[in-house]
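Observations on chain architecture
The primary structure of each chain is shown beneath.
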Amino acid sequence: MFDQFALHERLLKAVAELKFVEPTPVQVAAIPPAIEGRDLRVTAQTGSGKTAAFVLPMLNRLIGDAVVRTDVRALILLPTRELAQQTLKEVERFSQFTFIKSAMITGGEDFKVQAAILRKVPDILIGTPGRMIEHLNAGTLILKDVELLILDEADRMLDMGFAEDVQRLVGECAKRQQTLLFSATSGGAALREMAASVLRDPLHLQLNRVSELNEGTRQQIITAESTEHKEKLVHWLLANETYKKAVIFTNTRVQADRLYGRLVAEGVKAFVLHGDKDQKDRKLAIDRVKEGGVKVLVATDVAARGLDIEGLDLVINFDMPRSGDEYVHRIGRTGRAGAEGLAISLICHNDWNLMSSVERYLKQRFERRVIKGLKGSYGGPKNLKASGKAAGTKKKKDDKKKDDKKKGVDKKAKPAGKPTAKRPKNAKRDEPASQIVSQDGLAPLRRKKPAAE
Ligand code: AMP
């Protein structure tokens, strides 16, 4: 029940009006510390109820202080116009019994109209970083009085190249008292760096782990010998599985385009979604899939963030995602609300170890499936380590030395070109000194008491 939270009665009235009965796990975990004024780093995906988890405490803060407003008091930065619209709607629904005013500023809208909106000074401003920077540069936006800053889908803002803009906007909110950072995945080093630089003694809430996986979703793997073989498997699955809507994930844009081309050539009605597609293509693709005119979407992870398609019951991982979090994020879209879902990962030799790490992360063993007539030459590693990974694939140190000698590799020489994007071994060390509270579906969620100020 929402009355467990110390929220203003006008907000509780709005919650009741919206017929929200039970708070979702992210709301249970985030609302109390957010009301207390703590900085939070929350990992939770779209559909988890994360918007209300930050909107309610934000409104509670603004409603409680009878401050005369001269400038924007709360800023919500997020990656897309679509998300900005949804968030504005949510803010307006929750603030319907208050005098709090909110506004939205995103690209693709008239600048002058936006400047006029800003002159009226909303309490809450929601928007995408690029257009906010333009207003900042034009002097039409002042953020110096922002008390509360919220970064929503921060991982996606970074993926979309907004890091610098976000940092600048954060810098403008120098007097803020509280910062909340939400992301769909636990992200990489860039997100950790951002969290470390913008949050003060944050509480870290991780909510999109195993618990996000729906029990109604079956998880299978099919081994494949090559990309071509995977394409044949996809074709077979789309022709033979019973499904309403399917998403096929690839790790690269190139692969997404290639697979999309193949499917269309075979007469499958499909759409492709990746980072090179603009907002219009994206909206068209999502609308068509939602309406049901198109049943198949080929997508990369970045493009698919924030996607909430009802009736999605088949997910195919053309490539294995690079982390357990990303896997959960992909698969968590199927089998919503008690419906049945099917998740199939196609596993080549270079996907095997990733797959096995994900199995260990989830403490599950995926069903092994073979399609008659489409069995390839690769059926998994010949020998397995106790961990489930392929044994004997790593060269022994001595062999490697010999190989290097043969190839004339100079160990001391600096590598040419770009450094690899490989995650450093000690990457975790620069995590902000936060308390980590995780809900992995195996242990009950426990929220540590915030430390005394
Ligand atoms: P979000 O993850 O914030 O995008 O929310 C997903 C959807 O769930 C939105 O339409 C919310 O309005 C709705 N929602 C959020 N919290 C609750 C709740 N406790 N009860 C019912 N619906 C909710």
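Our structure's up above, just so we're on the same page.
Summarised in this report is the structure supplied together with it. The structure presented is a predicted model; accordingly, all values stated were derived computationally and were not measured. (Residues numbered from 1 in each chain as written. Predicted model: local features only at pLDDT ≥ 70, side-chain atom pairs only at ≥ 80, totals over all residues. Heavy atoms only, no water.)

1. Quick notes on the overall build of the protein
Using the following cut-off: Only runs of H or I of at least four residues qualify as helices and only runs of E of at least two qualify as strands under DSSP, and these elements are numbered from the N terminus. Buried, partly exposed and exposed residues are distinguished by accessible area as a fraction of the type maximum, computed with a 1.4 Å probe on protein chains only: under 20%, between the cut-offs, and over 50%, respectively. We call two residues in contact when some of their heavy atoms are within 4.5 Å. Exposure was quantified through the Shrake-Rupley algorithm and a 1.4 Å probe, taking into account, for residues, occlusion by the shown protein chains and nothing else.
Across its full length, the protein carries 16 helices and 15 strands. Taken over 453 residues, the protein has a buried fraction of 51%. Pairs at least 24 apart in sequence give 76% of the contacts found in the protein among residues at least 6 apart. As displayed, the protein offers around 23,000 Å² of accessible surface, 51% of which is attributable to carbon and sulfur atoms.

2. Re the site of the ligand
Cut-off, in case you're wondering: One heavy atom suffices: a residue is near a molecule or strand as soon as one of its heavy atoms comes within 4 Å of it. The definition of a polar contact used here is a pair of N or O atoms within 3.5 Å, where within protein one atom must be able to donate a hydrogen and the other to accept one, and adjacent residues in sequence count solely through side-chain atom pairs.
The environment of the ligand is formed by 14 residues, the closest being Glu-22, Gln-27, Gly-47, Gly-49 and Thr-51. Glu-22 has a polar backbone atom sitting 2.8 Å from a nitrogen atom of the ligand. In this structure, Thr-51 approaches the ligand through a side-chain N or O atom, which is 2.5 Å from an oxygen atom. When the ligand sits alone it has 500 Å² of accessible area, and the protein chains cover 71% of it.

3. Re the sheet that holds strand 13 (residues 341–347)
Short version of the rule: Should DSSP find at least two bridges between two strands, the strands are regarded as paired. To get an axis, a line is fitted to the C-alpha atoms, and for a helix only the part in contact is used. The angle between two axes follows their N-to-C directions and goes from 0 to 180 degrees.
With parallel pairing, the seven strands of this open sheet are ordered in space as 10-11-9-12-13-8-14. The open sheet has two free edges, formed respectively by strand 10 (270–273) and strand 14 (367–368), since each of these has just one partner strand. Across two bridges, the pairing between strand 8 (residues 217–223) and strand 14 is parallel. The residue of strand 14 that forms the bridge with Gln-220 is Glu-367. Contacting strand 8, strand 9 (245–250), strand 11 (296–300), strand 12 (312–317) and strand 13, helix 10 (residues 227–240) runs over the sheet at an angle of about 160° to strand 13. Relative to strand 8, helix 15 (residues 352–362) is tilted by about 155°, and along the sheet it contacts strand 8, strand 13 and strand 14.

4. Section: helix 8 (residues 163–172)
The following threshold applies: It is the directions from the helix axis to the C-beta atoms that the arc portrays.
Of all the residues in helix 8, the buried ones are Val-166, Leu-169 and Val-170. Down the axis of helix 8, the sector holding all buried residues measures 105°, keeping them to one side. The secondary structure elements touched by the buried residues of helix 8 are strand 2 (74–77), helix 6 (129–138), strand 5 (148–151), helix 7 (154–159) and helix 9 (189–198).

5. Details of the packing of helix 5 (residues 111–119) against helix 6
Heads up, the condition is: Roughly parallel means an angle under 35 degrees; roughly antiparallel, over 145; roughly perpendicular, 65 to 115; everything else is oblique. Under the scheme applied here, ten amino acids are nonpolar (Ala, Val, Leu, Ile, Met, Phe, Trp, Tyr, Cys and Pro), four are charged (Asp, Glu, Lys and Arg), and all others, including Gly, are polar.
Packing of helix 5 against helix 6 leaves a shortest axis separation of 11 Å and a crossing angle of 70°. Compared by their axis directions, helix 5 and helix 6 come out roughly perpendicular. Across from Phe-111, Gln-114, Ala-115 and Leu-118 in helix 5, the residues of helix 6 making contact are Arg-131, Glu-134, His-135 and Ala-138. For the contact of helix 5 with helix 6, the per-class residue count stands at four nonpolar, two polar and two charged.

6. Quick notes on the pairing of strand 10
As a general feature of sheets, a regular strand has side chains that alternate between the two faces. We apply this condition: Here the term right-handed applies to a crossover when the path leading from its first strand over the helix to its second strand runs clockwise, the strands being oriented away from the viewer.
With burial as the criterion, each face of strand 10 is covered, one bearing Ala-270 and Val-272 and the other bearing Phe-271 and Leu-273. As paired elements, strand 10 and strand 11 share four bridges and run parallel to each other. When the bridges of strand 11 are listed, Val-272 appears paired with Val-298. Viewed along the sheet, the connection from strand 10 through helix 12 (residues 279–291) into strand 11 turns out right-handed.

7. Some remarks on the pattern of salt bridges
Under the convention used in this document: For this analysis, a salt bridge means a side-chain nitrogen from Lys or Arg found within 4 Å of a carboxyl oxygen belonging to Asp or Glu.
Under the definition given, this model contains 21 salt bridges. Lys-144 is paired through a salt bridge with Asp-71; the nearest N and O atoms lie 3.3 Å apart. Taken together, the residues span a long stretch of sequence, with Lys-144 in the loop between helix 6 and strand 5 and Asp-71 in the loop between helix 3 (50–64) and strand 2 at a distance of 73 residues. Across the pair Arg-368 and Glu-359 runs a salt bridge, and its minimum N-O distance is 2.6 Å.

8. Focus: unusual backbone geometry
One non-glycine residue, Val-121, adopts positive backbone phi at about 50°. Structurally, Val-121 can be placed in the loop between helix 5 and strand 4 (124–127). Within the chain, Asp-201 stands out as a residue other than glycine whose phi angle is a positive 45°. Along the chain, Asp-201 falls in the loop between helix 9 and strand 7 (203–206).

9. Some remarks on the packing of aromatic side chains
Inclusion rule: Two rings belonging to Phe, Tyr or Trp (six-membered ring only in the last case) form a pair when the distance between their centres is within 6.5 Å. Interplanar angles under 30 degrees mark stacking, angles over 60 mark edge-to-face geometry, and anything in between is tilted. Working rule: Lys NZ or Arg CZ, within 6 Å of ring centre, within 35 degrees of ring normal, means a charge sits over the ring.
One pass over the structure, following the stated rule, counts five aromatic pairs. Summarising the aromatic geometry, the rings of Phe-20 and Phe-94 are spaced 5.7 Å apart at their centres and angled 80° between planes, so their arrangement reads as edge-to-face. One end of the pair, Phe-20, is in the loop between helix 1 (9–17) and helix 2 (25–35); the other, Phe-94, is in helix 4 (residues 81–94), with 74 residues separating them in the sequence. Assessed through its relative accessible area of 0%, Phe-94 is described here as buried. One aromatic cluster in this structure is built from Phe-2, Phe-5, Phe-20 and Phe-94. A cation over a ring is seen here: Lys-295 above Tyr-243, with NZ or CZ 4.5 Å from the ring centre.

10. Observations concerning the pairing of strand 3 (residues 102–105)
Here strand 3 shows a buried face lined by Ser-102 and Met-104 and a second buried face lined by Ala-103 and Ile-105. Bridge analysis of strand 3 against strand 4 gives four bridges, and the strand direction is parallel. Pairing of Met-104 across the sheet is with Ile-126, part of strand 4. A crossover links strand 3 with its parallel partner strand 4, the connecting element being helix 5, and its sense is right-handed.

11. Side note on the nonpolar core
Applicable threshold: Nonpolar core, defined: a set of buried Ala, Val, Leu, Ile, Met, Phe, Trp, Tyr and Cys residues in which side-chain atoms within 4.5 Å join the residues together.
Judged by nonpolar contacts, the single largest core of 41 residues is most densely connected at Leu-56, Met-58, Ile-76 and Ile-124. Take this core: its biggest share by element is eight residues, from helix 3. Contacts of Ile-124, omitting those with residues within four sequence positions, involve Met-58, Leu-59, Leu-62, Ala-74, Ile-76, Val-91, Ile-100, Lys-101, Ser-102 and Ala-103. Among the nonpolar cores identified, the runner-up in size contains 29 residues, and Ala-103, Ile-105, Leu-141 and Leu-158 belong to it.

12. Comments concerning the environment of Lys-269
As for its placement among the helices and strands, Lys-269 is situated in the loop between helix 11 (253–265) and strand 10. For the pair Lys-269 and Val-296, spaced 27 residues apart in sequence, the C-alpha separation works out to 6.6 Å. Not counting residues up to four positions away in its chain, the partners in contact with Lys-269 are Gly-293, Val-294, Lys-295 and Val-296.

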